[in-house]
Structure formats: C-alpha cells, structure tokens
Amino acid sequence: MVLDGNAPESIARAADALAAGQLIGLPTETVYGLAADAGSDAAVRGIFAAKGRPADHPLIVHVASAAQVSDFADQVPVFAQKLIDAFWPGPLTLILPRRAGVADAAAGGHPTIGLRCPAHPVAQALLAACAGRGVHGLAAPSANRFGRISPTTAQHVAQEFGDELLVLDGGPCAVGIESTIVDCTRGAPVLLRPGQLARAEIERVSGQHLLSKEELLAPDPQAPGTLLAHYAPRAKLRLMDARELRAALDMLGADAKNIAVWARAPLRSASRALLLRRMPDDAAAVAQQLFAVLRGFDDAGVKLIWVEAPPPEPAWDGVRDRLQRAAASA
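A quick note: this is a predicted structure, and the numbers were derived from the prediction, not measured.

(A) Representation of the overall build of the protein chain within the structure. Across its full length, the protein chain carries ten helices and 15 strands. Over its C-alpha atoms the protein chain spans a radius of gyration of 20 Å, differing by no more than 12% from the 20 Å that the globule rule assigns to 330 residues. Referenced to the eigenvectors of the C-alpha coordinate spread, the extents of the protein chain come out at roughly 60 × 45 × 30 Å. When burial is assessed residue by residue, the protein chain has 55% of its 330 residues classed as buried. Counting only carbon and sulfur atoms, one obtains 52% of the accessible surface of the protein chain, whose full area is about 13600 Å². Charge separation in the protein chain, taken as the distance between the mean sites of 32 positive and 34 negative side-chain charges, equals 5 Å.

(B) Quick look at the nonpolar core. Of all hydrophobic cores here, the largest spans 47 residues; its most connected members are Leu-94 and Leu-115. Only strand S3 (33-37), helix H2 (41-51), helix H3 (69-72), helix H4 (78-87), strand S5 (92-97), strand S6 (112-116), helix H6 (154-161) and helix H7 (199-206) provide two or more residues apiece to this core. For Leu-115, the residues in contact, after removing those within four places along its chain, are Val-61, Val-69, Phe-72, Ala-73, Trp-88, Leu-92, Thr-93, Leu-94 and Leu-96. Ile-149, Val-175, Phe-291 and Leu-323 belong to the second-largest nonpolar core, a separate cluster that totals 25 residues.

(C) A look at H2. Taken residue by residue, H2 has Ala-43, Val-44, Ile-47, Phe-48 and Lys-51 as its buried positions. The buried residues of H2 all sit within an arc of 155° when viewed along its axis, so they share a single face. More than 90 degrees from the buried face of H2, the exposed residues found are Ala-42, Arg-45 and Ala-49. Tucked inside the fold, the buried residues of H2 contact S3, strand S7 (138-139) and H6. Looking one or two places after H2, you find Gly-52, whose phi comes out positive at around 70°.

(D) Fine view of the packing of H4 against H7. Two elements in contact, H4 and H7, have axes whose closest approach is 8 Å; the angle formed by their N-to-C orientations is 120°. By the angle between their axes, H4 is oblique relative to H7. When you trace H4 past H7, the crossing you get is right-handed. Here H4 contributes Phe-79, Lys-82, Leu-83, Ala-86 and Phe-87 to the contact with H7, which in turn contributes Glu-201, Ile-202, Val-205 and Ser-206. Grouping the constituent residues of the contact of H4 with H7 by class yields six nonpolar, one polar and two charged.

(E) Region of the structure containing the sheet that holds strand S13 (residues 259-263). A sheet is described by the order of its strands in space; here four strands give the open sequence S12-S15-S13-S14, paired in parallel fashion. The open sheet has two edge strands with one neighbour each: strand S12 (236-240) and strand S14 (275-278). When strand polarity is set aside, the average angle formed by the axes of neighbouring strands in this sheet is 15°. Two strands pair when backbone bridges link them, and S13 and strand S15 (residues 304-308) are joined in this way by four bridges, in the parallel orientation. The residue of S15 that forms the bridge with Val-261 is Trp-306. Where helix H9 (residues 283-299) meets the sheet, its contacts fall on S12, S13, S14 and S15, and the angle it forms with S13 comes to roughly 170°. The sheet contacts of helix H10 (residues 317-328) involve S12 and S15, and relative to S12 the element is tilted by about 130°.

(F) Focus on the environment of Arg-45. Looking at the element boundaries, Arg-45 is found in helix H2. A sequence separation of 16 residues divides Arg-45 from Val-61, and the C-alpha atoms of the two residues are 14 Å apart.

(G) Looking closely at the pairing of S6. In terms of burial, S6 is a largely internal element, five of the five residues being buried. Side chains Thr-112, Gly-114 and Arg-116 project from S6 onto one buried face, and the interleaved Ile-113 and Leu-115 project onto a second face that is buried too. Judged from the three bridges that link them, strand S4 (residues 60-62) and S6 form a sheet pairing that is parallel. Bridging across to S6, Ile-60 finds its partner in Gly-114. The pairing of S5 with S6 spans four bridges and is classified as antiparallel. Among the inter-strand pairings, Leu-96 is bridged to a residue of S6, identified as Ile-113.

(H) Broad picture of the state of the cysteines. On inspection of all chains with the given rule, the structure shows zero disulfides. Free of any disulfide, Cys-130 has its nearest cysteine sulfur in Cys-117, 14 Å distant. A relative accessible area of 1% places Cys-130 in the buried class.

(I) Spatial organisation of unusual backbone geometry. With an omega dihedral of -10°, the bond running from Trp-88 to Pro-89 counts as a cis peptide bond. As for its placement among the helices and strands, Pro-89 is situated in the loop between H4 and S5. Phi at Ala-103 takes a positive value of approximately 50°, unusual for a residue other than glycine. Tracing the backbone shows Ala-103 in the loop between S5 and S6. Residue Ala-103 is classed as buried on the basis of its relative accessible area of 6%. A positive phi is found at Asn-258, a non-glycine position, where the angle reads about 55°.

Thresholds, definitions, all that
Residues numbered from 1 in each chain as written. Predicted model: local features only at pLDDT ≥ 70, side-chain atom pairs only at ≥ 80, totals over all residues. Heavy atoms only, no water. Helix = DSSP H or I, 4+ residues; strand = E, 2+ residues; numbered from the N terminus. Rg over C-alpha atoms; globule rule 2.2 N^0.38 Å. Buried < 20%, exposed > 50% of the residue type's maximum accessible area, 1.4 Å probe, protein only. Areas by Shrake-Rupley, 256 points an atom, 1.4 Å probe, with all protein chains shown as cover. Lys, Arg positive; Asp, Glu negative; His and termini not counted. Charge placed at Lys NZ, Arg CZ, Asp CG, Glu CD. Core = buried A, V, L, I, M, F, W, Y, C linked by side-chain atoms within 4.5 Å. Contact = heavy atoms within 4.5 Å. Arc of directions from axis to C-beta. Axes fitted to C-alpha atoms, helices over the stretch in contact; angles between N-to-C directions. Parallel < 35°, antiparallel > 145°, perpendicular 65-115°, else oblique. Left-handed = near helix turned anticlockwise from the far one by under 90°. Nonpolar A, V, L, I, M, F, W, Y, C, P; charged D, E, K, R; others polar. Pairing = 2+ DSSP bridges. Disulfide = S-S within 2.5 Å.

In structure tokens, the structure reads:
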C-alpha cells in the first residue's frame, strides 16, 4: 500500500505501524529503506526474513539527529564528531562502537553499529513521529530482496514486496545510490563503501587521511552493501569501454537482441531489437538514475546489460563501486 509521504496522516499511520513492530517502506535521499524499530529485535528480524538477508549482516540504523547517537553508540571519536557536524543530515553512515545490549539484531550481533541521519523530509518527519511513540531509531536497509537492485521510487518497493507493505511515497531519490560508509572504530577513518561524498571532503573535514579497506592490518567489520557481489539485476551485467562496445555492436549487427546498452559514448546499432540508452556525462546524474535504469532493463526482459565503464575520476567512485558489484553477480 503506497501512501503520500507528505501527508501528516500517512506519517502517523506509518509511525503507528512501526511502534507496533511492523515493517514499512521509507524514502531517504539515497534509496528507499525497509524500516523497523531498531530497538525491537523481533521487528528487525522481520527485515532479515523479508529480504532473505543473513542475520549476521548488519543494518544501518537511522536517527533523527546527532543527539540520538548516544542511544546506540558507546563513544564517538573526535574525527567522527567532525563528520557528523559537517555531513548530517545527509548520505553518510558512520560505524561506531555499539552500546552493550542495544540493537543487537540490527547490528547482526557485532560490537559495532552503523548510524546515519537521513536528510529526506519524509524520513525526518517519520523519525520525529516515531520518537513520540517511543521508537528512537529505525533499522532500514534498502527495500529490495537481498543482493538485488536497490529501489529509488515507492513503486520499486511495491514491486519487491507487494501491496501488503505500507510504503511512504517521497518521490524519486535525489542521490540514487546508498550512503558513504566510514568506519570510525580504528583510530582513523576507513572508507568501507564509497557514495556521493568525495574522499577529499571527508579528509578535509576529519583532518585525517581516509584509509581504504586494503590498508587495514585487521579485517574490516561487516557493514551493509560491502559484499563483492551486490546490487545485481536479473540480467547479466558486463562493464565495457567504448571501444569494446562499438566492436561488439558492429560484430552483432542486425542480429543483436535481448541486449540493453547504457553508454556515454555515441553508439549505433543496425538492430531494432537492441535497447540503447545514452548515459549522462555527469557522475551525480548517473548515480541518481543508475538503479532505475537497471530495473527498467530488467522489466524489458533483456538477458544481457552492457554498461560503459565509468571514468577513473574520484567523482565516479560510488557509481563504479555499484556497477562492479553488480557485474560480479553475473
């Protein structure tokens, strides 16, 4: 059931459902989430069951403001607080030491917790309404089956979970890919998942070098969206450069079928059965469209999706990460 997320009665109905231990579909500026009361292990287990997600793979907990961090985190390093002050509300998740006995199921049993303060006005309104009902944080991974394409519209969520799920419609997601995740439990910031925020900005604000996972001396903690294979369409996705795409289309000629192509380079095909879509040149625009485009190709029934590989510039890191994981699922 899709409801207008801007209507106060819809917010009240969703908050009542969450307080009763139910799941709802929640818009954020990144992607839509499948939300439950983070303080209720029974409700959170419903998320894992609905998504088919392993119970030890932690979820991000969404809070209304920095004031709620202490409800879930045992401590906040100085550099982490600087990131909170600069980027919350916004598309940044911080991994922090978890308070003992709090949000066990949402954390997947791990001693750390991922926290984010979403900027979407519908999410903020819902979090405020939930607080008035004794719900002080929402566990909310992406509202899709585990490992599949994240949803960026309310209709995507309804397609995944059917009419039984209450979904707040907040319009298409402005960012379009999941939040940047920074581990703050190692004494220095560690990038676990790139997103919209630039590495240089994180370093400037934190005053520290942003480490990569490969620089860690010990294994990084489990975090959402960091599996090698993830964000995958039903069709097999392959990353190719412009030259490879041109060569493949020329070779197939008019016989090309059951293939969708998304590329920045101008391409032509003699086949009328080929889906050919032009990719924007701007990384932020590509991120905003990415999951909707892949879902559209799946809905068209193609068997193969060929995507032009992103440029090497840092602005494309988040898009590149999602496409590489989607291709690894093939």
